[in-house]
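Given next are the chains, with one letter for each unit.
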Amino acid sequence: MHRKALIRTAVPLVALALTAAACGSSSGSKSSDTKKPTSTTMAPATTSATVASQTGAATLRAKLTSLLDEHVYLASKATGAALRGDTAGFNEWAGALNGPADSNTADLTAAVTSAYGKEVGTAFDGLWRSENHIPQFVAYTQAVAKGDAAGKQAAVDKLTAYAKTFGETLNQVNSNLPADAVTQDITMHATTLLAVIDAQKAGDGAAKYKALEEAYTHMNGTAKVLAEATVKKFPDKFDGDPNSPASELRAGLTSLLEAHVWIASDATDAALRGDTAGFTAAATALNGRPTATRRSSSTPSARSTART
């Protein structure tokens, strides 16, 4: 499975969009006075916009947004396959999510290591791979499949304990991350992802994509908080502002473009399986209802992902 090929579209497109926007404003501001060198006048604005979107802080936030969103998508792919009884599919998606190498967890660990150093990176890897994290989403899925209420609660209890441990650990690493706030954030991460699993089990496509949107939108906010705290701790390592308009734009477009790819893959997967209901739900989340049947109210989709 070529996991990384799915998620590398956003950054070049953002840079292109910014450059195109700057060029467009340049052509629209030409003066009739041919003696004025308009290219010299516009150069600083173009350079400023491009650099602002590619500072260390902007890049960190976009990278964390990408990886945390991917964590949600891969988890949902794995749980969906498990609930369909697709063992081979589950193993592939689970490996892409949490395998020892070329996985989402490995990439997250590399990102943490690059900012905080090898010792913290190694500790993060162990914490992220903890038995009380990703394996408990699997345990919850298995319990849901069997209608095992006690098993579901046991998984929730372990995820809750994990959130507390995660919050305390991150606070020790970076005092800009309050333990209670991180605990609440990880608890919400678990809550939103469990809602995706419940909707998958119920076969409710609309509810699934609404819950999935909530899950990865929440991760966008997590990426923002983590980037801000990291830049505060290492101002010499990360230039720029993770909350600048350019950073907001880059992170928002990163999430939206990745949502486009992942949901499109859901639609094509469902079509190839002959799952008409699944295809319709994914296609609606991706591109709205067909014109003939569109209601006046907005269908849940990826559009609010840019809210960070």
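One numbering rule holds for all chains: residues counted from 1, following each sequence as written. Totals for whole chains, interfaces and linings use every residue, but because this is a predicted model, local features are given only for residues with pLDDT of at least 70 and side-chain atom pairs only at 80 or more, for both listing and counting. Side-chain measures were taken over the full set of non-hydrogen atoms in the model, leaving aside hydrogen atoms and water.

The next point concerns the packing of helix α3 (residues 56–84) against helix α11 (residues 245–273). Axis definition: a line fitted to C-alpha atoms, over the contacting stretch in the case of helices. Angles run 0 to 180 degrees between N-to-C directions. Counting from the N terminus, the helices are the DSSP runs of H or I reaching at least four residues and the strands are the DSSP runs of E reaching at least two. Running from N to C, α3 and α11 point in directions that differ by 20°, and their axes come no closer than 9 Å. In terms of orientation, α3 and α11 fall into the roughly parallel class. Considering the relative orientation of α3 and α11, their crossing is right-handed. Of the residues contributing to the contact of α3 with α11, the split by class is seven nonpolar, seven polar and 11 charged. Angles below 35 degrees are treated as roughly parallel, those above 145 as roughly antiparallel, those between 65 and 115 as roughly perpendicular, and all remaining angles as oblique. Crossings are assigned a handedness: left-handed for a near helix turned anticlockwise from the far helix by less than a right angle, right-handed for a clockwise turn. In the scheme used here, Gly and all other residues not listed as nonpolar or charged are polar, with Ala, Val, Leu, Ile, Met, Phe, Trp, Tyr, Cys and Pro taken as nonpolar and Asp, Glu, Lys and Arg as charged.

In this section: the nonpolar core. Core analysis: the largest hydrophobic core is formed by 61 residues, its most contacted members being W128 and F166. Once residues within four sequence positions are removed from consideration, W128 is found in contact with L68, H71, T105, L108, H133, I134, Y162 and F166. What we call a nonpolar core is a set of buried Ala, Val, Leu, Ile, Met, Phe, Trp, Tyr and Cys residues that are connected through their side-chain atoms within 4.5 Å. Exposure categories follow from relative accessible area, calculated using a 1.4 Å probe and restricted to protein chains: below 20% of the type maximum is buried, above 50% is exposed, and the middle band is partly exposed. Any pair of residues with heavy atoms lying within 4.5 Å of one another is described as a contacting pair.

Moving on: the packing of aromatic side chains. Ring geometry is summarised as follows: Phe, Tyr and Trp rings, the Trp one being its six-membered ring, pair when their centres sit within 6.5 Å, and such pairs are stacked at plane angles under 30 degrees, edge-to-face over 60 and tilted between the two. Using the criterion set out here, one finds seven aromatic pairs in the structure. Between Y116 and F234, the ring centres sit 5.1 Å apart and the planes meet at 80°, which makes this aromatic pair edge-to-face. In this pair, Y116 is assigned in helix α5 (residues 104–116) and F234 in the loop between α10 (205–233) and α11, connecting sequence segments 118 residues apart. Relative to F166, the ring of Y162 lies with its centre 5.7 Å away and its plane at 40°, an arrangement referred to as tilted. Of this pair, Y162 and F166 both sit in helix α8 (residues 149–173), four residues apart, roughly one helical turn. Pair check on accessibility: Y162 and F166 agree, each one buried. Taken together, the ring pairs connect Y73, W93, Y216 and W262 into an aromatic cluster. Either the NZ atom of lysine or the CZ atom of arginine qualifies as a charge over a ring when it sits within 6 Å of the ring centre and within 35 degrees of the ring normal. The lysine or arginine in question, K237, covers the ring of F234, its NZ or CZ lying 4.8 Å from the ring centre.

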